[in-house]
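What follows is each chain in one-letter form.
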Amino acid sequence: MTGLIMAGQLILSLAILVTFHELGHYLAARAFGIRVEKFYLFFDAWGKKLFSIKKGDTEYGIGWLPIGGYVKIAGMIDESVDKEQMKQPPQPWEFRSKPAWQRFIVMIGGIVVNLILGFLFLVMVMKVYEKDYVTIDTVNQEGILAGEIGEKLGFKDGDKLITLNGNTYERYDDYMGMEAIFGGDMVVERDGELKTITIPDTIFRILKSNRGALIGTHESIFISELSDEVPNAKNAGLMVNDRLVSINDTAIRNFAELSDKLAKNKGKEISVGYVRNGEIKQTKAQVDTAGKLGFGPELKIYESARTKYSLGSAIKYSLKESWDNIYFNAVGLKRIATGKIPANQVKSVIGMAKFFGGTWDWHRFWSMTAMISLALALMNALPIPALDGGHMLFLTWEMITGKPASEKVLLVAQYIGMALLLTLMALTMGNDIWNLIKGN
């Protein structure tokens, strides 16, 4: 059941994003009088489809293969590789008959829509689900709590966070986001003195392999969901909304400390202290060999001292997070290309489904959908033939030189691009399936 819920969330997320992405191409094409012959959610591979209807010049439908979608634009060399149409004389309503700048707008239309969607979803998440945030000034009143990995880097309990890579932020979350995970310099105040702590650019691999924590703050840890795949917490009698307070009679002040303690007790039985309906209780639980109890946490930080998101602040922070997502994903792709990050870190749709979790949580769903939308915008902008960015590259060359690429060159590029994308898809799916078999 857990797997079905994860798959269902991913399919719905992709259905929303693919539909709007293709709508961006469709609306731009129609605005310039270009005929769109097909508009499909998912692929109707080998002519098989779940549904279709013809309206005007366009066939709208749903294919059976849920790995994307497409619009077939008349007179364009695309996924359909329609050679017969390209042999005919150009028609005024075809893509190839329009000026290069109009064709460029048609190709970038889907990317622009994904950027807008990602941003709007983030605004909605902040206003509807998160509603408020913790300021760094609030955290710095007590200072941070250093996790096991953070202590090795030089952090100490009580450190006050000042700057990250030379930047100061109002929200505590901005010191803990993607910028920190990709490494850099954190300036902290300790006993009235400023100290610089360097976070290595390999920190995300260290955190993943050690299941330890960098830094955290005082927070309450509630159980938001229980796993059927790792039922240890459920078997111990823990329930949703229980607040975890101790491990082996030692208080846990935040999730970082909980992660550290679980990592140190892999494969062992531990005593878990928790609060239910105002009463402190104890139970025994088995930690699995990966350091998990099998529950999803809900972290509540400084509940009485949080700042509400106004519409203006939600827009401001959504713009920042949108940019951070695109920028650091691009940095990640560069590090993969240069060998600094293993290529097996790239996830297929199978690996992506795990990020949604085994229960249907609309907060997490829309947060993940926003992140995927921004990632799709970046991926589609890459100058790879068969992607929007590949078409945009040829059109940019045409606008600069005044000479379009030949249809033969475009066809060969399309074949090469499709082969590269299919190979990448096969490799990433194979890696994710292998990880599932190994239980990772």
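Residues numbered from 1 in each chain as written. Predicted model: local features only at pLDDT ≥ 70, side-chain atom pairs only at ≥ 80, totals over all residues. Heavy atoms only, no water.

**Student:** Report on the overall build of the protein chain, specifying residues and quantitative values.
**Tutor:** Looking only at helices and strands, one finds 14 helices and 17 strands in the protein chain. Expressed along its principal axes, the backbone C-alpha trace of the protein chain runs to roughly 80 × 50 × 40 Å. Taking all 440 residues of the protein chain together, the buried fraction comes to 46%. Partitioning the contacts of the protein chain with sequence separation of at least 6, the portion at a separation of at least 24 is 63%. With the model as given, the accessible surface of the protein chain reaches about 22200 Å², and the carbon-plus-sulfur share is 60%. Both charge centroids of the protein chain, one from 49 positive and one from 47 negative side chains, sit 5 Å from each other. (Helix = DSSP H or I, 4+ residues; strand = E, 2+ residues; numbered from the N terminus. Buried < 20%, exposed > 50% of the residue type's maximum accessible area, 1.4 Å probe, protein only. Contact = heavy atoms within 4.5 Å. Areas by Shrake-Rupley, 256 points an atom, 1.4 Å probe, with all protein chains shown as cover. Lys, Arg positive; Asp, Glu negative; His and termini not counted. Charge placed at Lys NZ, Arg CZ, Asp CG, Glu CD.)

**Student:** Hey, could you go over the side chain of Arg-335 for me, with residue numbers and the actual values?
**Tutor:** For Arg-335, the location among the structural elements is in helix α10 (residues 311-337). Despite its burial, Arg-335 pairs with no opposite charge; the closest candidate is Asp-201, at 4.3 Å N-O. One polar contact links the side chain of Arg-335 to the main-chain carbonyl oxygen of Asp-201, over a distance of 3.3 Å. (Salt bridge = Lys/Arg side-chain N within 4 Å of Asp/Glu carboxyl O. Polar contact = N/O pair within 3.5 Å; in protein donor to acceptor, adjacent residues only side chain to side chain.)

**Student:** Describe in detail a nonpolar patch on the surface, supporting the description with residues and values.
**Tutor:** Side chains of Trp-46, Leu-50, Phe-51, Ile-53, Ile-62 and Trp-64 sit close together on the surface and give an oily, nonpolar patch of about 710 Å² of accessible area. By secondary structure assignment, the location of Trp-64 is in the loop between β3 (58-63) and β4 (65-73). (Patch = residues over 30% accessible without salt bridge, like charges linked within 9 Å, V, L, I, M, F, W, Y side chains within 5 Å.)

**Student:** Can you lay out the nonpolar core for me, pointing to particular residues and giving the numbers?
**Tutor:** Ranked by internal contacts, the top residues of the largest apolar core, which has 23 residues, are Phe-155, Leu-161 and Met-186. Elements with a contribution of two residues or more to this core: α4 (136-142), β7 (160-164), β8 (184-190), β9 (193-199) and α7 (203-210). Grouped together as the second largest cluster of nonpolar side chains are 21 residues, Leu-10, Phe-121, Trp-366 and Ile-372 included. (Core = buried A, V, L, I, M, F, W, Y, C linked by side-chain atoms within 4.5 Å.)

**Student:** Just give me the short version of the sheet that holds β7, but keep the residues and values in it.
**Tutor:** Each strand in a sheet pairs with another by means of backbone hydrogen bonds, the pair being arranged parallel or else antiparallel. Spatial ordering of the open sheet is given by β7-β8-β9, a layout of three strands whose pairing is antiparallel. Bordering the open sheet on either side are β7 and β9, each of which pairs with just one other strand. Between one strand axis and the next, the sheet turns by 30° as a mean value, whatever way the strands run. Of the pairings in the sheet, the one linking β7 to β8 comprises four bridges and is antiparallel in character. Across the sheet, the residue bridging to Leu-161 is Val-188, located in β8. (Pairing = 2+ DSSP bridges. Axes fitted to C-alpha atoms, helices over the stretch in contact; angles between N-to-C directions.)

**Student:** If you had to explain the confidence of the model for the protein chain to someone new, which residues and values would you point to?
**Tutor:** For the protein chain, the average pLDDT comes to 87, and 93% of its residues sit at 70 or higher. Across the protein chain, the secondary-structure element scoring lowest on mean pLDDT is helix α2 (residues 83-87), at 63, and the one scoring highest is helix α3 (residues 100-130), at 96. (pLDDT = per-residue confidence, 0-100.)

**Student:** Tell me about the pairing of strand β12 (residues 243-247), and please be specific about residues and values.
**Tutor:** For β12, the buried fraction is high: four of the five residues fall into the buried class. Sheet analysis places strand β11 (residues 220-226) next to β12, joined by two bridges and oriented antiparallel. By the bridge assignment, Ile-221 is partnered in β12 with Leu-244. With four bridges joining them, β12 and strand β14 (residues 269-276) adopt antiparallel strand pairing.

**Student:** Could you give me a rundown of helix α1 (residues 2-31), with the residues and numbers involved?
**Tutor:** In a regular helix each residue adds 1.5 Å, so 30 residues correspond to 44 Å; α1 covers 44 Å between its end C-alpha atoms and thus fits that length. In the segment just after α1, Gly-33 is the residue with positive phi, at about 75°. (Expected span 1.5 Å × (residues − 1).)

**Student:** Which residues make up the packing of α10 against helix α12 (residues 362-381), and what are the values?
**Tutor:** Packing of α10 against α12 brings their axes to within 9 Å, and their N-to-C directions diverge by 50°. What the angle tells us is that α10 and α12 run oblique. Crossing angle aside, the handedness with which α10 passes α12 is right-handed. Along the contact surface, α10 presents Ser-322, Asn-325, Ile-326, Asn-329, Ala-330 and Leu-333, while α12 presents Met-371, Leu-374, Ala-375, Leu-378 and Met-379. Tallied by class, residues from the contact of α10 with α12 come to eight nonpolar, three polar and no charged. (Parallel < 35°, antiparallel > 145°, perpendicular 65-115°, else oblique. Left-handed = near helix turned anticlockwise from the far one by under 90°. Nonpolar A, V, L, I, M, F, W, Y, C, P; charged D, E, K, R; others polar.)

**Student:** Explain the packing of α1 against α12 to me, using residue names and the numbers behind them.
**Tutor:** Two numbers describe how α1 lies on α12: the axes approach to 10 Å, and their chain directions differ by 45°. Taken together, the axis directions place α1 and α12 in an arrangement best described as oblique. Judged by the sense of rotation from one axis to the other, the crossing of α1 with α12 is right-handed. In this structure, α1 contributes Gln-9, Leu-10, Leu-12, Ser-13, Leu-14, Ile-16, Leu-17 and His-21 to the contact, and α12 contributes Trp-362, Phe-365, Trp-366, Thr-369, Ile-372, Ser-373, Leu-376 and Asn-380. In terms of residue class, the contact of α1 with α12 is made up of 10 nonpolar, six polar and no charged.

**Student:** Give me the lowdown on the sheet that holds strand β1 (residues 36-43), citing residues and values where you can.
**Tutor:** With mixed pairing, four strands are arranged side by side in an open sheet as β2-β3-β1-β4. Every other strand in the sheet has two partners, leaving β2 (49-55) and β4 as the edge strands with one partner each. Ignoring strand direction, the axes of neighbouring strands in this sheet form an average angle of 10°. Summarising the sheet, β1 and β4 pair through six bridges and their orientation is antiparallel. Opposite Lys-38, over in β4, you have Lys-72 as the bridge partner. Packing of α1 onto the sheet brings it into contact with β1, β3 and β4, and relative to β1 it is tilted by some 170°.

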